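Commentary on secondary and tertiary structure
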Amino acid sequence: MTAVDSQPSGPRSPEQRKREALERLVRDNDVWVATADATGEPCLVPLAFWWDGEAVWLSTRDTNPTGRNLCASGRARLSFGHTRDVVLVHGTARMLTREELPTEVGDAFAAKDGWDPREDHPSYVFFHVTPQILQAWGTVPEMPGRTLMRDGKWLV
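Bear in mind the structure is a predicted one, so any value in this text is a computation, not a measurement.

**Some thoughts on the overall build of the chain**
Looking only at helices and strands, the chain features three helices and eight strands. On C-alpha atoms alone, the chain measures out to a radius of gyration of 16 Å, which is about the 15 Å that the 2.2 N^0.38 rule sets for 156 residues. When the backbone C-alpha atoms are referred to their principal axes, the chain occupies close to 50 × 35 × 25 Å. Counting every position in the chain, which comprises 156 residues, the buried fraction comes to 42%. Restricting the contact set of the chain to residue pairs at least 6 apart, pairs at least 24 apart contribute 60%.

Pasting the structure below:
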């Protein structure tokens, strides 16, 4: 993946940004997860994740603010990368207990990060986040074509 620097030669094509966004989803280990409670109080935390090719899997305690917010609203914003090469996902989240989690998902999550929430504190649950909007951009020239997915469907 070619990082976007402060002096780009021009905007990347939408196809290149999609390819690089998907590479980031496979390669990166952590994601910033933004949620809000019913009063609008924001919460932003980094979490380990696993991308299954269609959705992002997260794990956190259902007792902490992020877990409570995801359970209550079913909405999350995920930010991958850095400010000069960001992939932003607006998604819907569905909670699964350890017992509901498909074994292959738990195994893949644990293999990617080296940490298995199924063996940690009992309050850890999993969230299946389905992207509804996916945007990818590096600098101002890429802002106009940053939306690569809308309503869960790829535009490129």
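Next, the rest of the story.
**Focus on the UniProt feature "domain: Pyridoxamine 5'-phosphate oxidase N-terminal" (unreviewed entry) in the chain**
Summarizing the sequence annotation, UniProt attributes the feature "domain: Pyridoxamine 5'-phosphate oxidase N-terminal" (unreviewed entry) to residues 22-137 in the numbering used throughout. Between the first and last C-alpha atoms of residues 22-137 the distance is 13 Å; the span itself is 22% helix and 49% strand.

**Focus: the pattern of salt bridges**
Counted by the stated rule, this structure contains nine salt bridges. For D28, the salt bridge identified is with R27, shortest N-O distance 3.7 Å. Here D116 and R118 are joined by a salt bridge, their closest N and O atoms 2.8 Å apart. When its relative accessible area of 14% is taken as the criterion, D116 is described as buried. Judged by relative accessible area, which is 23%, R118 ranks as partly exposed.

**Digging into unusual backbone geometry**
Backbone geometry places D151, a non-glycine residue, at a positive phi of 55°. Relative to the helices and strands, D151 is located in the loop between β7 (147-150) and β8 (153-154).

**What to know about the side chain of N69**
Following the sequence through the fold, N69 ends up in helix α2 (residues 65-73). With a relative accessible area of 8%, N69 lands in the buried category. Other than its neighbours up to four places away in sequence, N69 contacts T35, A36, D37, C43 and G74.

Reading guide: rules and limits
Residues numbered from 1 in each chain as written. Predicted model: local features only at pLDDT ≥ 70, side-chain atom pairs only at ≥ 80, totals over all residues. Heavy atoms only, no water. Helix = DSSP H or I, 4+ residues; strand = E, 2+ residues; numbered from the N terminus. Rg over C-alpha atoms; globule rule 2.2 N^0.38 Å. Buried < 20%, exposed > 50% of the residue type's maximum accessible area, 1.4 Å probe, protein only. Contact = heavy atoms within 4.5 Å. UniProt positions renumbered as here; feature names shortened; annotations may be inferred. Salt bridge = Lys/Arg side-chain N within 4 Å of Asp/Glu carboxyl O.

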